[in-house]
Amino acid sequence: MSPNVTRRVVLAATAGGLVLHERIGRADDTTPAPPSALPQKAIDVELRVNGSRFPLNIDPRTSLLDALREQAGLTGTKKGCDRGACGACTVHIDGRRVLSCLTLAARCQGKAITTIEGLNAGEDLHPVQTAFLHHDGFQCGYCTPGQIMSGAALIKEGHDGSDAEIREWMSGNICRCGAYPNIVAAIRDASREG
Amino acid sequence: MQAFHLAQPTMLLDALAIGNAADTKFIAGGTDLMQLLKDNVETPAQLVDLEGVGLSQIRADASGLRLEAMARMSDVAAHLDVRAQWPVIAQALEASASPQVRNMGTIGGNLLQRTRCGYFRDTGFNCNKREPGSGCPAIAGENRMLAILGGSDHCIATHASDLAVALTALDAVLELRRAGDAPRQVPITEFYRLPGTTPQIETVLRPGEMITAVIVPPSAAARNSHYLKLRDRASFEFALVSAAVALDVRDGTGRDIRVAAGGVGTRPWRLPEVEAALRGKKLNDDALREASSRAGEGARPAGQNAFKQILLRRAVLRTLQTASA
Amino acid sequence: MASIGQGVDRVDGRLKVTGRARYAAEFPISDLVHAVLVQSTIGAGTIAAVDMGAAQAMPGVLAIITPDNAPKLAMKGGAQQAVRAPLLQDNAVHFNGQHVAVVVAQTLVQANAAASQVRIRYRRDEPVTSMDAALAQAYPPKNFRNGERPPDSRRGDPDTAFDGAAAKVDVTYITPIEHHNPMEPHATIARWDGDRLTVWTATQGISGAQQSLAGLFGIAPQDVHIVCPFVGGGFGCKGNTWPPATLAAMAAKVVGRPVKLAVTRAQMFTSNGYRPRTVQKLRFAADDQGRLVSMRHDGFSQMSQPVLGEFSEPVGLATEMLYACPNVAVSHRLVATNASLPTYMRAPGLASGNFALESAIDELAVALKMDPLEFRLRNYAEQEPHQNKPFASKALRACYQQGAEAFGWSRRSAEPRSMRDGSVLIGWGMATSTYPTHRMPASAYVRLGADNSALVRVGTQDLGTGTYTVMSQIAANTLGVPVERIRFELGDSAFPHAPVSGGSMTVASVGPAVKAACEAARAKLQRDGGEVAEASVDVKPGEEEHRYAMHAFGAQFVEVRVDAELGEIRVSRFVGAFDAGRVMNAKTARSQLIGGIVYGLGMALLEETHVDGETGRIVNANIAEYLVPVNADVPDIQTIIVPNDELVSNPLGAKGIGELPMVGVAAAVANAVYNATGVRVRKVPIRIEDVLV
C-alpha cells in the first residue's frame, strides 16, 4: 500500500476514533456525523495491469471497468450490464477471475490485474484465444474477452473435467449470439493442449 | 452513484471505529453493494473497505467450522473439510451466482445481501424497504419470485442467499462485533427479522456492527446434508425454491433432522413442522411424503407465486429422499 | 482457390479474441465528455416542471437538456429508420422509462451521479399497461409491412370449412414482450465539426443512420459521417436510428464538444424496441384423412402510442404459405398501450407466429392421432399456395427426412408421459421453420492490384454474422486468389451503399455487389493493364421475386427432460436441418444456426419482460432477472445443412441464415413438453409452474 493511502487511512481512523469516544454512553439511536462532511475528491491510484503501471487520478466511485476503459485506454474489457450479471467485464486479479464492473478501482492498488490485452505474450495467442478462433467460439465478439478470461481461469482452476463441468463453470459469461457449444469445444481443446 | 469517502483501514479495530460513524457502510466483496450503489438504492457518505483487515480464515476442527467473514465464497466451497463435514454449505455456495462472483463474494457479505425484488432495486418504484411508508407495489404486482412465507402487508421480498439457508439448517451462530462493545453471538435463526411494519430493518445488527465470523457446530446430520436449488435457468439464477436438509439417520430412524428452505421466505425459512413429523420416525417414503406435505404451513401467496407452495413441498421431499437414500 | 463454402476462420477473429476490435463506445476521441439519459418514472402524462438545481450544481456538470431547453430538430426527410420521438421536443410522457432529460458532464461518474439528481414533477394520466385488457380497442395497422401489402388476407372460405371438418382446434396462444439484449448496449460518440457531424455508433444500418440523422438535424446526408466497424450484436434493436443516437448528437451540439452516450442495460429496455406481446387466435381444421381444410390466424400485437410510430408483428405470414390448405384467413391488429415502440427482433413475425402455428399443427395432429411429421408431409405445399407461384426452391422435405433420421424420430412414443428416465419425463417434439429470402440493392468498390491483392469496400455491417469473412471469401473466389489477399472494409458511410443488416439479407444483397465489382475490376485490369484497377458497381434484384416465391426452410427436432415432480424443464438434445440455399462459410453458418436455436430456446423457456400493471414500468430491466440462456442451458446441438444449389433467388444462391434457425424452436419445445407431460402450454416462456401436475 502506498504511503499516500496509508496516510488517508490513518486520518480516517483517527476521525473514527474520536467518534468512538463520543459514542460511549450514548443511546444507540443517536449516531455521530460521518468523518468527512464533504465527499472525497479524486484520489491517486496506481493500477498494475498486464505488467504495466497506470498511475491514475480517479474519483473513488470509479469501477475498475470504467478505469480500464475510460482512463487507461484498455477497451478490451467489455461493459455488458455493469451489474455483475453477464461476465463481459471478467478480468484476473491476483490470478482469480473476477468482475471488474463490481470492483472499485481504488481497491486495486498493489494488485496484479490481467486483462484480455495481457493474456497473450507478444504476437502469440494464448491457447484459449487460439481455440476460440478455430472453434468459432463467438460471433459478435463483445462477450469474447470475458469468455476467454473466464475460460483461461477455468482451466487453471481444474474445472475442465467434462463438458458438463465446463458448461456449469462458464455459466457466468453470457453469450447472446449463442456460441456456447463452440465455447465449450474451444475450452475442451485448450485444456487438452495446456 | 453518489459521492462517498472511501476508508481503507488495515486493522479490524480501525474498521469498526470508522464503521461506527453515521451513514457509513462496510464493503467486503462488493458484489451486491456495488449494484446497490450504482442504482442509487444505497447512498452512504462513507464506505469502509474491509479488504485490508484480514478476517478470511477458514478453520475446521473437532469443535466445528469457523468461517471468518471475509473468507471468499469460492474458497469456502472448495475447502475439503467443508465439503466432507458440511456438504450442504459447499453445495449451497456452488449453486450461488457465478464463478466470478463467488471469487469476490464473502461469507459475511453473502449473508447481508439485499433482496432481488425488482421494486426494491429500482428507485423508480415505491418500496417500503427502501423508502419506509411509500408502499409495496409488489404485493399486487409482479410477484412470481417473491415470498409466500413471512411477508406482511408492507413487504414480501424474498431473502436471496443460498448460504443462509444452509446455515439455517445447520444452526449456525454468527459472531458480531461493534466498536466499544464486547463481541456477541447470535444464532442465525434469530439474526434475520421479519418485515412486519419495518421492512427496512432486516437483521438484528446494530448500527456500526459487523459480522466477523460464522460458527457451525459439527454433527452427524451436517455430514449427511444436501442442498437442492430449483430455478428456471440451469445456472446463475436466484432460487425459485431451494431446500437444505441435514439428516442423522440410525437404523432407518431419524434422530437429528434439520430442514430449511429458500426462495419462499422473507428470511431463510426453517421448517420445524417437517422436522417434528420425522423425528424418531422410520424414514420410509411414506413418512417423508407425509412430513414434507406439512412444509410451508401458514403460507400466504400473493398470486403469481402460489405455485411455490406446491414446489416447496416437492423440493423438501426430494431433498429428504436424497439425504436419506 | 475456391473458398466459398469452406469453413475458414473469421478474418476479424484475431481482433476479437485479443480485445482489439473497437466497438462504438471505444474510439479514443479527444476532448470527449459523457452524456447520461434520464428516464421517466410515470407511464403517461406530462412533465410539469424539471428541477435541475441540485444536479446542475454537481461537480463536472456541463449541461442538462430537457424539453424546456432542447434544441428544436428539423425533422426533415423520410428515412424509414428514423425514430422521431421521444426526442425532448415536447412535454408529453407516453411510457414509463421515456427519455426526459440528458445530463452531460466531464466524466461518466459525474454524469451518472447528476442524472440521478434531476427532479421531475409530472402531471399523471392513467397509463394503459395491459394489452390483454384493451383487445376490444384493437385497430388495423396503417402501414403493415411498410405498406407493401394489406394486413389481412383470405383465400377460400375458412369458416364454412371449419364448421364441417372432422378434427378441429380453436385455441389462443400468447407470447410475451421480449428484449433483444445484445451484449453490447447501444452507444454513440457524436462530434460536430461546424455543421458536419461524425457519429461512431452501434448500428445495423449505417446508411439508415446517415439518412435519419441528416433529416432530424436538417443537414445534407453527405455531411453526416457514420463509423461502425464492429457491432456487439443487434438482433433487430440496432436497425432503427433510435433516440439515444440522436440525443448524443444533440448533446454534442449543446456543449460544443464530442459526447459519448452509452445506454445502460436498464435503459435498453425502453430505448430501442422489443418484440411486442402477441395474442393469437387460431382455428385450424382437418378432414379425416389428415388434410388441412381450414386455417384462421388472427393476430393482435402490442403497440406503443401511435404518435411514436408504428410496428406490427406479422405473425400470420407463415400461416399463409406453409401448408397446402385451400381455406386460409389471416389478420393483424394492433393494441395501443403506454409502452415504448416495439420493433423487429430476430425473426420478426415468424418467431412468434410459428410458435402458435406449429403448436396448433401439433395439436391437430394429436387430435387426428397422426404423427406430427406425417401430418406435415401430408399437407406439404409443392408450390406457394397464397400467391400461387412456384418456389424458387424448397428442400423442406429433405430437411424433415434428414432431421428426423439424425434425431431418431421414428423411435418416438406418441403417448404423453410414456418415455421416462427415473423421475424424469422425456418428450420429443418437432416443428417447421421458414423465413423469406430478401434482397435489396447494394453497391461495392474494388481496387484490384496486379499483384492479385484487392481492397473491397461496402458500407455494410458485421453484427457477428460473419460479413467480413464471407465477403472476403466471395471476393477471393471471384478473383481466384487466396482469402488472405483480400482486405474487406465495412462500417463507414463513405463506402458504397448497402442495406440495413436485417431480414437475413446481407449476403444475398451485398454478395452479388462484391462479386460484380470484383469481376468488373478484373476485366478492367485485363483490358487496360497497369498496376491497379478500380471498379464501383451497383446491383439490384431482378424480376425473380415476381416470378417465384423465395423462402428458406428448416425442421427442428428437440428432446426435453422434465422432472415429473419438480417441473424443471431442461433441453437435452437438439437437431436442426435447414435449407438455407448455398452456404458461404460452413463454420460461421453453423455458428449462426446454433445461435439462432439458442435464441429460440431462450424464447421457449426463459425470456419474458415483466411490466408492472399499475405504472407500466418494467420490473426486470436487467440481465439477471430477464433470463437469457447461459452455457449450462444449452446441450449438444446438431445442425444439418441440406444441399441446395439453386441460383434463382440471387446470384450467390444464399437464402439467408440469421433468422431461420430461431423459427419453430419454441413450438418444437412446447410440443416436446406436451409429449413429456401431457400438458399443452399455449404461451411462452414455458415454466415450472406450467407443468406442475
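Given the structure is predicted, the values throughout are model-derived calculations rather than measurements.

Novice: How do you make sense of the overall build of chain A when you look at a structure like this?
Specialist: For chain A, the helix and strand inventory stands at six helices and five strands. Listing the helices and strands of chain A from first to last along the sequence gives α-β-β-α-β-β-β-α-α-α-α. The 194 residues of chain A split such that 61% are buried. Accessible surface computed for chain A: about 7,200 Å², of which carbon and sulfur atoms make up 53%.

Novice: Explain the packing of aromatic side chains to me, please; I cannot follow it from the model alone.
Specialist: What characterises a pair of aromatic rings is the spacing of the ring centres plus the angle enclosed by the ring planes. Taken as a whole, this structure holds 16 aromatic pairs over all chains when the rule is applied. On the numbers, 5.8 Å between centres and 65° between planes, the contact of phenylalanine 269 of chain C with tyrosine 626 of chain C is edge-to-face. Residue phenylalanine 269 of chain C is located in the loop between strand E12 (259–262) and strand E13 (278–286), and its partner tyrosine 626 of chain C is located in the loop between helix H14 (586–605) and strand E24 (637–641); the two are separated by 357 residues in the primary sequence. Both rings, one in phenylalanine 407 of chain C and one in tryptophan 428 of chain C, keep their centres 4.9 Å apart while their planes meet at 75°; by these two values the pair is edge-to-face. Of this pair, phenylalanine 407 of chain C sits in helix H10 (residues 396–407) while tryptophan 428 of chain C sits in strand E17 (residues 424–436), and the two are 21 residues apart along the sequence. Note on accessibility: phenylalanine 407 of chain C and tryptophan 428 of chain C belong to one class, buried. What links up through ring pairs into an aromatic cluster is the set Tyr142 of chain A together with Tyr23, Phe230 and Tyr468 of chain C.

Novice: What am I meant to see in the pattern of salt bridges here?
Specialist: Opposite charge on two side chains makes pairing possible when the charged atoms of those side chains draw close. A complete count under the given rule lists 83 salt bridges over all chains for this structure. Residues arginine 97 of chain A and glutamate 157 of chain A are paired through a salt bridge, measuring 2.8 Å at the closest nitrogen-oxygen approach. Here glutamate 157 of chain A lies in helix H4 (residues 144–157) and arginine 97 of chain A lies in strand E4 (residues 96–99), a separation of 60 residues in the sequence. Judged by its relative accessible area of 32%, glutamate 157 of chain A is partly exposed. Among the ionic pairs, arginine 680 of chain C bridges to aspartate 362 of chain C, the shortest N-O distance being 2.7 Å. Of the two residues, arginine 680 of chain C is situated in the loop between helix H15 (665–677) and helix H16 (688–691) and aspartate 362 of chain C in helix H8 (residues 350–368); the sequence distance between them amounts to 318 residues. Look at the salt bridges and you will find they share partners, linking Asp66, Lys79, Asp82 and Arg83 of chain A together with Lys38 and Asp39 of chain B into a network.

Novice: Help me understand the interface of chain A and chain C in this model?
Specialist: In many reports, interface size means the accessible area that the parts give up when they come together. Each partner contributes to the interface: chain A provides 46 residues, whereas chain C provides 55 residues. Overall, the association of chain A and chain C removes approximately 4,100 Å² of surface from exposure, summing both partners, and the carbon and sulfur fraction of that is 55%. Our count for the contact surface shared by chain A and chain C stands at seven salt bridges. In this structure, aspartate 136 of chain A engages arginine 10 of chain C in a salt bridge whose closest nitrogen and oxygen atoms are separated by 2.6 Å. The element best represented in the side of chain A that touches chain C is helix H6 (residues 180–193) of chain A, accounting for five residues.

Novice: How should I be thinking about the sheet that holds strand E5 (residues 64–68) of chain B in this particular structure?
Specialist: Pairing between the strands of a sheet comes from backbone hydrogen bonds, and it takes one of two forms, parallel or antiparallel. Residue and element names in this part refer to chain B. Read across the sheet, five strands follow the order E4-E5-E8-E6-E7 without closing on themselves; strand pairing throughout is antiparallel. Each edge of the open sheet is held by one strand with a lone partner, namely strand E4 (58–61) and strand E7 (184–187). Between one strand axis and the next, the sheet turns through 20° on average, direction left out of account. Alignment of strand E6 (residues 173–177) against E7, held across four bridges, turns out to be antiparallel. The partner of leucine 176 across the bridge, within E7, is arginine 184.

Novice: Which parts of the structure should I look at to understand helix H12 (residues 285–292) of chain B?
Specialist: A turn of α-helix holds 3.6 residues, and therefore any two residues three or four places apart point the same way. Residue and element names in this part refer to chain B. For H12, the full list of buried residues reads Ala287, Leu288, Ala291 and Ser292. Projected down its long axis, H12 carries its buried residues within an arc of 120°, all on one side. Buried residues along H12 sit in contact with helix H11 (272–278) and helix H13 (307–324).

Novice: Explain the interface of chain A and chain B here, please?
Specialist: Each partner contributes residues to the interface: chain A has 49 residues there, and chain B has 51 residues. Summed over both partners, the interface of chain A with chain B comes to about 4,100 Å²; 57% of that surface belongs to carbon and sulfur atoms. Across the chain A-chain B interface, the total number found is six salt bridges. Glutamate 51 of chain B is the partner of lysine 111 of chain A in a salt bridge, and the nearest nitrogen-oxygen pair spans 3.1 Å. Taken together, chain A and chain B are joined by 18 residue pairs in polar contact (both at pLDDT 80 or more).

Novice: So what exactly am I meant to see when it comes to the confidence of the model for chain A here?
Specialist: Caution applies to low-pLDDT regions: their predicted coordinates should not be interpreted in detail. In this model, chain A carries a mean pLDDT of 84, and residues with pLDDT of at least 70 account for 79%. Across residues 1–38 of chain A, confidence stays below pLDDT 50; counting only partners more than four residues off in sequence or on other chains, it has 52 contacts.

Novice: Could you clarify how one ought to interpret the domain arrangement of chain C in this entry?
Specialist: Residue and element names in this part refer to chain C. Split by domain assignment, chain C resolves into domain 1 (13–21 + 440–540), domain 2 (31–125 + 183–233 + 238–270) and domain 3 (134–178 + 274–437 + 547–691). On a C-alpha basis, the centroid separation for the pair domain 1 and domain 3 is 35 Å. On the domain 3 side, the residues contacting the 13 residues of domain 1 number 14 residues. At the junction of domain 1 and domain 3, the tally comes to five residue pairs in polar contact (both at pLDDT 80 or more). Looking at the side of domain 1 that touches domain 3, the elements that each hand over two or more residues are helix H11 (467–479) and helix H12 (506–528). Of the residues forming the side of domain 1 that touches domain 3, the biggest block, five residues, is contributed by H12. In terms of residue class, the side of domain 1 that touches domain 3 is built from five nonpolar, seven polar and one charged.

Novice: Got a minute to help me understand unusual backbone geometry in this structure?
Specialist: Trans peptide bonds make up most of the peptide bonds, and negative phi angles are found at most residues other than glycine. Residues alanine 85 of chain C and proline 86 of chain C are joined by a peptide bond in cis, for which omega reads -5°. Looking at the element boundaries, proline 86 of chain C is found in the loop between strand E3 (61–65) and strand E4 (92–93). Following valine 684 of chain C, the chain continues to proline 685 of chain C via a peptide bond in cis, the omega torsion being -5°. With respect to the helices and strands, the residue proline 685 of chain C is situated in the loop between H15 and H16. Even without glycine at this site, aspartate 136 of chain A takes up a positive phi of about 55°. Turning to its location among the elements, aspartate 136 of chain A is positioned in the loop between helix H3 (127–135) and H4. Its identity is not glycine, yet alanine 97 of chain B carries a phi of approximately 45°, on the positive side. Position of alanine 97 of chain B relative to the elements: it lies in the loop between helix H5 (87–94) and helix H6 (99–104).

Novice: Honestly, the side chain of threonine 115 of chain B in this entry has me stumped. Any pointers?
Specialist: Residues and elements named next belong to chain B. In this fold, threonine 115 is placed in the loop between helix H7 (107–111) and helix H8 (163–169). Overall, threonine 115 belongs to the buried group, its relative accessible area being 5%. A distance of 3.1 Å separates the side chain of threonine 115 from the backbone nitrogen of cysteine 117, its partner in a polar contact. Of note is the side chain of threonine 115, whose polar atom sits 2.8 Å from the backbone oxygen of threonine 158. Other than its neighbours up to four places away in sequence, threonine 115 contacts Phe120, Arg121, Lys129, Ala157 and Thr158.

Novice: Help me understand the sheet that holds strand E1 (residues 33–39) of chain C, please; the structure alone is not making it clear to me.
Specialist: Residues and elements named next belong to chain C. Ordered in space as E3-E5-E1-E12-E9-E10-E11, the seven strands form an open sheet in which the pairing is mixed. Each edge of the open sheet is held by one strand with a lone partner, namely E3 and strand E11 (224–227). This sheet shows a mean twist of 20° between the axes of neighbouring strands, independent of strand direction. As judged from the three bridges shared by E1 and E12, these two strands associate in the parallel manner. Each bridged residue has a counterpart across the sheet, and for valine 33 the counterpart in E12 is valine 259. The strands touched by helix H5 (residues 206–217) within the sheet are strand E9 (187–193), strand E10 (196–201) and E11, with E11 carrying the most contacts at an inclination of about 145°. Set on the sheet, helix H6 (residues 243–255) makes contact with E1, E3, strand E5 (99–105), E9, E10 and E12; between it and E9 the angle comes to about 35°.

Novice: So what exactly am I meant to see when it comes to the pairing of strand E10 (residues 241–250) of chain B here?
Specialist: On a regular strand, each side chain points to the face opposite its neighbour's, so the side chains alternate between the two faces of the sheet. Residue and element names in this part refer to chain B. Among the 10 residues that make up E10, eight are buried, leaving the element largely enclosed by the rest of the structure. With nine bridges connecting them, E10 and strand E11 (residues 253–262) associate as antiparallel partners. Its bridge partner lying in E11, aspartate 248 is registered against aspartate 256.

Novice: What's the story with the environment of arginine 121 of chain C in this structure? I'm lost.
Specialist: Residue and element names in this part refer to chain C. On the secondary structure map, arginine 121 appears in strand E6 (residues 119–124). Look at arginine 121 and you get exposed, because its relative accessible area is 57%. On a C-alpha basis, the gap between arginine 121 and alanine 57 in space is 19 Å, while along the polypeptide they are 64 residues apart.

Novice: Honestly, helix H2 (residues 64–71) of chain A in this entry has me stumped. Any pointers?
Specialist: Of all eight residues in H2 of chain A, six are buried; the element is thus mostly enclosed. Within H2 of chain A, the full set of buried residues consists of Leu64, Leu65, Asp66, Ala67, Leu68 and Arg69 of chain A. The inward-facing, buried residues of H2 of chain A abut strand E1 (43–49), strand E2 (52–58), strand E3 (90–93) and strand E5 (112–114) of chain A together with helix H3 (108–115) of chain C. Two residues or fewer past H2 of chain A, glycine 73 of chain A is found with a positive phi of approximately 75°.

What counts and how
Residues numbered from 1 in each chain as written. Chains lettered and ligands numbered in written order. Predicted model: local features only at pLDDT ≥ 70, side-chain atom pairs only at ≥ 80, totals over all residues. Heavy atoms only, no water. Helix = DSSP H or I, 4+ residues; strand = E, 2+ residues; numbered from the N terminus. Buried < 20%, exposed > 50% of the residue type's maximum accessible area, 1.4 Å probe, protein only. Areas by Shrake-Rupley, 256 points an atom, 1.4 Å probe, with all protein chains shown as cover. Phe/Tyr/Trp six-rings, centres within 6.5 Å; stacked < 30°, edge-to-face > 60°. Salt bridge = Lys/Arg side-chain N within 4 Å of Asp/Glu carboxyl O. Contact = heavy atoms within 4.5 Å. Buried area = accessible area lost by both parts, 1.4 Å probe. Pairing = 2+ DSSP bridges. Axes fitted to C-alpha atoms, helices over the stretch in contact; angles between N-to-C directions. Arc of directions from axis to C-beta. Polar contact = N/O pair within 3.5 Å; in protein donor to acceptor, adjacent residues only side chain to side chain. pLDDT = per-residue confidence, 0-100. Domains from an automatic or database assignment. Nonpolar A, V, L, I, M, F, W, Y, C, P; charged D, E, K, R; others polar.

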